Amino acid sequence: MEIIFEINHRFLQEVRAMWPGDGEKQAKLSIIQEGFHRMVRMANLCVIGSYAVNGVAALHSELVKKDLFPEFHAMYPTRLHNVTNGITPRRWLKFCNPGLSALITEKIGNEWPAKLEQLEGIAQFADDAEFQKEYMAVKKQNKQRLADWVSDNMGIELDTNAIFDVQIKRLHEYKRQHLDLLHVLALYHRLLKDPSFDMVPRVVFFAAKAAPGYHLAKEIIFAINKIAEKVNNDPRIGGKLKVVFIPDYRVSMAEIIILLRTCHNKSLWPVRKHLVLVT
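Along each chain, residue indices are assigned from 1 in the same order as the chain's sequence is written. Only residues with pLDDT of 70 or above have their local features reported here, since the model is predicted, and side-chain atom pairs are shown and tallied only from 80 upward, although totals for entire chains, interfaces and linings are computed over all residues. Based on all heavy atoms of the structure, the side-chain values leave hydrogens and waters out of the count.

## Comments concerning the packing of aromatic side chains
Two rings from Phe, Tyr or Trp (for Trp, the six-membered ring) form a pair when their centres sit within 6.5 Å of each other. Planes less than 30 degrees apart are called stacked, planes more than 60 degrees apart edge-to-face, and all others tilted. Enumeration according to the criterion identifies 4 aromatic pairs in this entry. Their ring planes at 35° and their centres at 5.8 Å tell us that phenylalanine 125 and phenylalanine 131 sit as a pair that is tilted. Taken together through their ring pairs, the aromatic side chains of Phe11, Phe69 and Phe72 make up a single cluster. Sitting above the plane of the phenylalanine 164 ring, lysine 143 keeps its charged end 4.7 Å from the centroid. Only when the NZ atom of a Lys or the CZ atom of an Arg is both within 6 Å of the ring centre and within 35 degrees of the ring normal do we say a charge sits over the ring.

What follows is the structure in structure tokens.
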């Protein structure tokens, strides 16, 4: 704390030099939030102690400059900038999805991991019935891998012919996991109350973590699990609907779940838009 107080003291000298006599600016930008319990503003400390700060996308980076830290942007105009977070197809395709990688290699050769632009070449097979069949076989294998994990670790048996409806991200109100949960309840209600209603079997997956102090997010997780317990054990719906909340969401778990989709690389989007019609 002694070091943090010293950093703050030196920083506030800069603030006073830029906005002389403006106590409001000093109070807003100070690393220490005054009050009955004094607290450290970690975001302010991070901006002050960093040489570069960026959002996860251009939109977020602009919001950081305009709404979150406009004063910091005025003080350090080159510090807040944009570096869009990316993903590596080598990790999320070649390493995590060996079945799809092998299929791509079979069609366009084995140089694409070093020359990612070659992935564009797979688009020529989008309307090829044999390729679609092979692609769907890979996807089915990936669904089976996830179903096996759920069976082994959670004791829930899943039908891989069902639609796998997935939402995986931080548990937060604005991420709207509770709206997915309301959709589950609506489907469940219709299956019980409407004899004319039928649907393709669906498994709804949730995977997320709540921040330690985020009580409502934890309540949503609790609600998901209680509804899953009810739906999954109701013989009246004939296995048409199941709910799975995968615990301890992490990168290695994401690697299994995300394989249900095509590939994160935009080069496969041309083929993806065709294949989505047959998935």
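## Topic: a nonpolar patch on the surface
By definition, no residue in a patch forms a salt bridge, and every one has over 30% relative accessible area; like charges are joined within 9 Å, nonpolar side chains (Val, Leu, Ile, Met, Phe, Trp, Tyr) within 5 Å. The Shrake-Rupley method, run with a 1.4 Å probe, gives the accessible areas here. Residue values count only the displayed protein chains as cover. Salt bridges are defined as contacts in which a side-chain nitrogen from Lys or Arg sits within 4 Å of a carboxyl oxygen from Asp or Glu. On the surface, Leu179, Leu182 and Leu185 cluster together into a nonpolar patch covering about 250 Å² of accessible area. The numbering of helices and of strands both runs from the N terminus, where a helix is a DSSP run of H or I of at least 4 residues and a strand a run of E of at least 2. Along the chain, the position of leucine 179 falls in helix α9 (residues 177-193).

## Here we look at the sheet that holds strand β7 (residues 241-246)
The rule for pairing is simple: two strands pair if DSSP sees at least two bridges between them. Taken in spatial order, the 3 strands make up an open sheet running β5-β6-β7, and their pairing is parallel. Each edge of the open sheet is held by one strand with a lone partner, namely β5 (163-168) and β7. Each adjacent strand pair in this sheet contributes to an overall mean axis angle of 15°, direction not counted. Pairing geometry for β5 and strand β6 (residues 202-207), over 6 bridges, is parallel. Bridge pairing in β6 places glutamine 167 opposite phenylalanine 206. In this analysis an axis means a line fitted to C-alpha atoms, helices contributing only their contacting stretch, and an angle means the value between N-to-C directions, from 0 to 180 degrees.

## Focus on the side chain of asparagine 97
One can find asparagine 97 in the loop between α6 (89-95) and α7 (98-108). Categorising residues by exposure relies on relative accessible area from a 1.4 Å probe, with only protein chains included: less than 20% of the type maximum marks a residue as buried, more than 50% marks it as exposed, and the intermediate range marks it as partly exposed. For asparagine 97, a relative accessible area of 1% gives the class buried. Within polar-contact distance, the side chain of asparagine 97 engages the side chain of asparagine 142 at 3.2 Å. Polar contacts, as used here, are pairs of N or O atoms within 3.5 Å; protein pairs need one atom able to donate a hydrogen and one able to accept it. Residues neighboring in sequence count only if both atoms are side-chain atoms.

## As for the packing of α7 against helix α8 (residues 129-154)
Between α7 and α8, the shortest axis-to-axis distance is 9 Å and the interhelical angle comes to 160°. Of the possible angle classes, the one that applies to α7 and α8 is roughly antiparallel. Read as a crossing pair, α7 and α8 show a hand that is right-handed. Contacts between α7 and α8 involve Gly99, Leu100, Leu103, Glu106 and Lys107 from the first element and Phe131, Glu134, Tyr135 and Val138 from the second. Angular relationships are summarised with four words: roughly parallel below 35 degrees, roughly antiparallel beyond 145, roughly perpendicular across 65 to 115, and oblique for the angles in between. Crossings are assigned a handedness: left-handed for a near helix turned anticlockwise from the far helix by less than a right angle, right-handed for a clockwise turn. Contacts: residue pairs with any heavy atoms within 4.5 Å of one another.

## Things to note about helix α1 (residues 2-18)
With 17 residues, α1 extends 25 Å from end C-alpha to end C-alpha; this agrees with the ideal 24 Å at 1.5 Å per step. Burial in α1 covers these residues: Ile4, Asn8, Phe11, Leu12 and Val15. Looking straight down α1, one finds its buried side chains confined to an arc of 110°; they lie on one side. Exposed residues pointing more than 90 degrees away from the buried face of α1 are listed as Glu2, Ile3, Arg10 and Ala17. By definition here, a helix of n residues has an expected span of 1.5 Å times n minus one. The reported arc concerns the directions from the helix axis to the C-beta atoms and nothing else.

## Some remarks on the environment of proline 20
Position of proline 20 relative to the elements: it lies in the loop between α1 and α2 (23-29). Distance from proline 20 to valine 56, taken between C-alpha atoms, is 34 Å for residues 36 residues apart in sequence.

## A few points about the nonpolar core
The nonpolar side chains of a soluble globular protein tend to be buried, and buried together. Nonpolar cores were defined as sets of buried Ala, Val, Leu, Ile, Met, Phe, Trp, Tyr and Cys residues, with membership established by side-chain atoms within 4.5 Å. By size, the foremost hydrophobic cluster in this structure holds 23 residues, and its most contacted members are Ile224 and Leu241. Within the residue set of this core, elements represented by two or more residues are α9, β6, α10 (215-232) and β7. In terms of residue count, the dominant contributor to this core is α10 (7 residues). When neighbours within four sequence positions are excluded, isoleucine 224 is seen to be in contact with Leu181, Phe206, Val243 and Phe245.

## Some points on α10
Over its 18 residues, α10 extends 26 Å from the first C-alpha to the last, a length consistent with the 26 Å expected when each residue adds 1.5 Å. Along α10, the residues that are buried comprise Ala217, Ile220, Ile221, Ile224, Ile227, Ala228 and Val231. In an axial view of α10, the angular spread of the buried residues amounts to 130°, which keeps them on one side of the axis. In α10, those exposed residues whose orientation departs by more than 90 degrees from the buried face are His215 and Phe222. Buried positions along α10 lie against α9, β6 and β7.

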